[in-house]
Amino acid sequence: MNIKKLRCFRAVVIHGSLVAAADVMNLSQPATSRLISTLEDELKLKLFKREKRRLVLTPEGKEFYREAEKILANLDDLPRIVQEIKDGGTRTLRIVALARLANSLVSPALARFVAENPEQRFSVDVRGHRDIEQWVAGRHYDIAVALTRPCNHPSVIQRPFFDTDAMVMVPKGHPLELLESVTAEQMAEHDIIALAPGLRPRFQMEEIFHSAGVELSCKIETTSSVLACQMVVEGLGVTIIDRLAALAVDESRYSLLPLNPSYRLQFVLLFPPGFEETPATKSLVRCLSDQVSESLGEHAVMTGDAD
């Protein structure tokens, strides 16, 4: 399989037609069509189906695209890496985090990091639960901040980071605000905002309700924990969240109440296969840990080694 086929495949995915992809690739339409056909023959997969006048990915095509994009992204990054080697400078530190932690943890931690490492270059991406582990396994990032989950890539290095209690988030003035703690049964009497099925926070909410013998009925679903918090403060319902994610919205507009029984959320740091610690990564881990301690205090238990 050559890279040209993968780039052509990506162009068709992005632009939705062979004509547009051919223009981007500076190829004729027949040549573009042949590249896609030979790629499908080589893979023995049907990558596209036609809907009206557009080509859309088949389920198998979607899975292949996720993996192909990681390969191409790494290749696209090579010129910058080569230039850094030629310049003799420090390599760009590549960081990825869940959106729920980007503003409340990663951004202030990076402010600490820059104070210690003023010359260090870095990039920061935000990705969902489903993607982070795969991108780290593909060595596209040097460090990731994520929720713990069964690791599907045994080569990915997973280190404990911190634990904290899951909390029930309610808008100010909500009836549940009068309680000292909230059970799944009590939540079920109100509109619930949940993460979409298949996402790690949704699994956790389902586990909480299942353990209580209560059916989870969600009025609103979203793929974003930050958006779930924002919808809570707008009075659209209640949700289960961690204290750091809740900091992304106006603290004066919500209350956090303990779950009864309690449920611990475990966060981890992920590193790519063959990871070797550098002064920069060591400093970043320490800054992340310091930020958690400052933001959560006694509400967090540090489970990793920041030294």
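Residue positions are given per chain, counting from 1 as you read along its sequence in written order. With pLDDT at 70 or above as the cut-off, local features in this predicted model cover only qualifying residues; side-chain atom pairs require 80 or more to be listed or tallied, and sums for whole chains, interfaces and linings still use all residues. To get the side-chain values, all heavy atoms of the structure are used, and hydrogens and water are removed first.

## Focus: the pattern of salt bridges
At step 1: Each reported salt bridge corresponds to a side-chain nitrogen of Lys or Arg within 4 Å of a carboxyl oxygen of Asp or Glu. Applying the stated rule across the entire model yields 14 salt bridges.
At step 2: A salt bridge links E177 to K172, with the shortest nitrogen-to-oxygen separation between them at 3.5 Å.
At step 3: Using a 1.4 Å probe on the protein chains alone, a residue whose accessible area is under 20% of its type maximum counts as buried, one over 50% counts as exposed, and one in between counts as partly exposed. Of the residues examined, E177 reaches a relative accessible area of 24% and is grouped as partly exposed.
At step 4: A residue is classified by how much of its surface remains accessible, and K172, at 47% relative accessible area, is partly exposed.
At step 5: Where E234 meets R253, a salt bridge forms, and the shortest distance between an N and an O atom there is 3.4 Å. Note that E234 is positioned in the loop between α9 (225-233) and β10 (239-241) and R253 in the loop between α10 (243-246) and β11 (254-258), a separation of 19 residues in sequence.
At step 6: Overlapping salt bridges bring together R202, E206 and E221 as one network. The numbering of helices and of strands both runs from the N terminus, where a helix is a DSSP run of H or I of at least 4 residues and a strand a run of E of at least 2.

## Structural notes on the environment of E298
At step 1: Tracing the backbone through its elements, the reader meets E298 in the loop between α11 (279-296) and β13 (300-302).
At step 2: It is 9.2 Å that separates the C-alpha atoms of E298 and T164, two residues lying 134 residues apart in sequence.

## Some remarks on α9
At step 1: If you check which residues of α9 are buried, you get S225, A228, C229, M231, V232 and V233.
At step 2: Here a polar contact is recorded for every N or O atom pair within 3.5 Å, except that within protein the pair must consist of a potential hydrogen donor and a potential acceptor, and residues adjacent in sequence are included only if both atoms are side-chain atoms. The distance from a side-chain oxygen at the start of α9 to the backbone nitrogen of V226 is 3.3 Å, and the residue carrying that oxygen is S224.

## Observations concerning the confidence of the model for the protein
At step 1: Averaged over every residue, the pLDDT of the protein is 89; the share at 70 or more is 94%.
At step 2: What pLDDT reports is the predictor's confidence in each residue, on a scale of 0 through 100. The weakest mean pLDDT in the protein belongs to helix α4 (residues 59-87) at 76; the strongest belongs to strand β7 (residues 167-171) at 98.

## A short note on the side chain of D142
At step 1: Along the chain, D142 turns up in the loop between α6 (129-137) and β5 (143-147).
At step 2: Taking relative accessible area as the criterion, D142 reaches 9% and is therefore assigned buried.
At step 3: A polar contact is formed between the side chain of D142 and the backbone nitrogen of R94, at a distance of 2.7 Å.
At step 4: Residue contacts for D142: discarding those within four places in its chain leaves R91, T92, L93, R94, L270, F271, P272 and F275. Contacts are assigned to residue pairs with any non-hydrogen atoms lying within 4.5 Å of each other.

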